[in-house]
Every structure is written in C-alpha cells, then in structure tokens.
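# Structure at a glance
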Amino acid sequence: MLQTNEIYNMDCMEGVRLLDDKSIDLVVMDPPYLLDLQKIKNTTSINNYANELLDLKDGFDLKILDLLIPKMKKINMYIYCSKRQIKQLLEYFMNKGCNYELLTWHKQNPSPLTNNNYLPDTEYIVFAREKGVKLYGNYYTKRKYYISGVNQVDKKKYKHPTIKPLAFIENHIVNSSKEGDLVLDCYCGSGTTLVAALKNNRNYIGFEINKEYYEIAKKRIEDTKAEMEGIVEEDSK
Ligand SMILES: C[S@@+](CC[C@H](N)C(=O)[O-])C[C@H]1O[C@@H](n2cnc3c(N)ncnc32)[C@H](O)[C@@H]1O
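All values reported here derive from a predicted model rather than from experimental measurement.

### Quick look at the overall build of the protein
- Across its full length, the protein holds nine helices and eight strands.
- For the protein, the residues scored as buried account for 48% of the 237 residues in total.
- Long-range pairs, those at least 24 residues apart, make up 74% of the contacts in the protein with a sequence separation of at least 6.

Below you can see the structure in the form of structure tokens.
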C-alpha cells in the first residue's frame, strides 16, 4: 500500500503494481528516451553531452502502460518521448480507442549536432485520453507547442541532465486535472512533476530508480513546501 504525496526510490515496474486500482487521475511521465547515441557521438564535438545521457538512453518498457491502465480512473497521460518512440505510443493508444495529440517542445538552444542532420531542437509529448476525459484550461494554456530554451540554471541546480521545464508540466496538470486529483510520475528524475502537482494543489506519487536523483527530488519537494509555507505566512500578515 503506497501513500500519496510521496516519492519512492524504486523501479516503477514494481511500484505501479502497489498502487490501488482506479486511483490515479493523471499520469505525466518522462521516461528514458530511446536514443541513437552512436549517431550523437559521431556528429558532435561535445562528447560530454552523449556521455551524460548514457544511463538514460535505452528507452522504456511499454509494459508499464499495461500496468498503469488499471490503476487509472480513465486513461489520461502525457508521455515525453523521442521521435523513435512516437509510432509505438500512438499505435498503443489508438488501439485503446483513445483521443490523442502530439505536443512539441521547440528548444531555442539545442545542442550543436550538425553534419547531415536537422538540429535536435524538438522534443515530443504524446497526450492520450480516453473518451469522456475532460480537458480544462483556456485559450492561453491549450497551445500544442511550447517554445523555450533548456533551463541551464535548473539543470545545474538539480543536477539532472534531462530536467524538463516546470512551466510545461504545470500546464499539462492544469489542463488535465482538478485540484485534489492524484498525479503520478513513474520516472521522476529531479521531481519536476511532483513539484508542479504540489504547486497546483494536486496530490502526487512518484517513482525514481536512481538513489541520487531520488534524494534530489525529495529535497526539491521539501524546499518547495517551505517556500509555499513562507508565501502563505507572508500573505496572512
Ligand atoms: C528523462 S528522466 C526524467 C526527468 C524529469 N522529468 C525531470 O524533469 O527531472 C528519466 C528518469 O527515469 C529514471 N528511471 C529509469 N528507469 C526507471 C524505472 N524503471 N523506474 C523508475 N525510474 C526510472 C531515471 O533514473 C531518470 O532519472
């Protein structure tokens, strides 16, 4: 039995099995991308970039989706992915009769991989929802594209090579859940989804397999709570 508003240092393939059936309102997850690292190494002079992605390169097991679906009230998921994962994800959700969108993040400061390729300046987010799942938000929150640079400050501060912009995740959460809903992230990294849920009065559960990233996420959540409590005290003066 797992508690809400916790992050667990465990493999999500085990963690998800421990969740109550039909307990999750929204999944926002950013699993390891399936990357062609050799190609990256061959086309960049910045080998550190390829090296820092080494432990994140192998993609993820689609079986996690089969495990997740019974745990959700209805399918309602945002999944960050690489170009190579889009086809199988879309096929998976089409076979389930879901509505879907392909959202994009256009990076203003992509890594300088050049040669015979377009720049790696676009990342993809598959959004899938079962029929009947509501999309909230408004004209300003419902764009299908995001434009920003990689936030180097957060990347350094939280020491995660693939940290996602907090504003994007807050946007998914506001569009696809209500206050008090339960948001799950199976691949927390530095805890961006959990912080976004906390800031928007949603409950959360997260899994992160790497002990170091787990500790970083835990501290980030505690710092966010302290910051929010400070704001509440400030307002009530
Ligand atoms: C792309 S990163 C997530 C980054 C995160 N969105 C952020 O903003 O910091 C994927 C994370 O999944 C973790 N991971 C990989 N396999 C996992 C598994 N089976 N269970 C739980 N976490 C896993 C990795 O350690 C990595 O931190």
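On we go from here.
### Side note on the sheet that holds strand β6 (residues 145-148)
- Across the sheet, eight strands lie side by side as β1-β8-β7-β2-β3-β5-β4-β6; this open sheet has mixed pairing. With partners counted over all chains shown, the strands left at the sheet margins are β1 (6-8) and β6, one partner each. Here the average twist between neighbouring strands, direction ignored, is 15 degrees.
- One ladder, built from eight bridges, connects strand β4 (residues 99-107) with strand β5 (residues 122-129); its direction is antiparallel. Each bridged residue has a counterpart across the sheet, and for Leu-103 the counterpart in β5 is Ile-125.
- Strands in contact with helix α7 (residues 166-176) are β2 (26-29), β3 (76-81), β4, β5, β6 and β7 (182-185); relative to β3, the strand with the most contacts, it is inclined by about 160 degrees.
- Relative to the sheet, helix α8 (residues 192-199) contacts β1, β2, β7 and β8 (203-207), its axis offset from that of β8 by approximately 170 degrees.

### Structural notes on the site of the ligand
- The local shell around the ligand holds 21 residues, among which Asp-30, His-160, Ser-190, Thr-192 and Glu-208 are the closest.
- Between Lys-164 and the ligand, the recorded distance is 2.9 Å, taken from a backbone N or O atom to an oxygen atom.
- When the free accessible area of the ligand is taken as 600 Å², the share hidden by the protein chains comes to 92%.
- Here the residues of the shell around the ligand sort into 11 nonpolar, six polar and four charged.

### So, the packing of aromatic side chains
- Per the counting criterion, the structure on display carries six aromatic pairs.
- For the pair Tyr-78 and Phe-127, a centre-to-centre distance of 4.3 Å together with 20 degrees between the ring planes defines the contact as stacked. Pair noted here: Tyr-78 is in strand β3 and Phe-127 is in strand β5, with a separation of 49 residues, a long-range link. Both residues of the pair, Tyr-78 and Phe-127, belong to the buried class.

### Brief notes about unusual backbone geometry
- Here Asn-5, not a glycine, exhibits a phi torsion of approximately 60 degrees, which is positive.
- Mapped onto the elements of the fold, Asn-5 is located in the segment before β1.
- Owing to a relative accessible area of 30%, Asn-5 belongs among the partly exposed residues under this scheme.

### Quick notes on the side chain of Thr-224
- Here Thr-224 shows up in helix α9 (residues 211-236).
- Of note is the side chain of Thr-224, whose polar atom sits 2.7 Å from the backbone oxygen of Arg-220.
- In this view, Thr-224 contacts Val-195, Leu-198 and Lys-199; residues no more than four positions away in its chain are not counted.

Definitions and cut-offs
Residues numbered from 1 in each chain as written. Predicted model: local features only at pLDDT ≥ 70, side-chain atom pairs only at ≥ 80, totals over all residues. Heavy atoms only, no water. Helix = DSSP H or I, 4+ residues; strand = E, 2+ residues; numbered from the N terminus. Buried < 20%, exposed > 50% of the residue type's maximum accessible area, 1.4 Å probe, protein only. Contact = heavy atoms within 4.5 Å. Pairing = 2+ DSSP bridges. Axes fitted to C-alpha atoms, helices over the stretch in contact; angles between N-to-C directions. Near = heavy atom within 4 Å. Polar contact = N/O pair within 3.5 Å; in protein donor to acceptor, adjacent residues only side chain to side chain. Areas by Shrake-Rupley, 256 points an atom, 1.4 Å probe, with all protein chains shown as cover. Nonpolar A, V, L, I, M, F, W, Y, C, P; charged D, E, K, R; others polar. Phe/Tyr/Trp six-rings, centres within 6.5 Å; stacked < 30°, edge-to-face > 60°.

Limitation: the analysis is restricted to geometry and does not speak to function.
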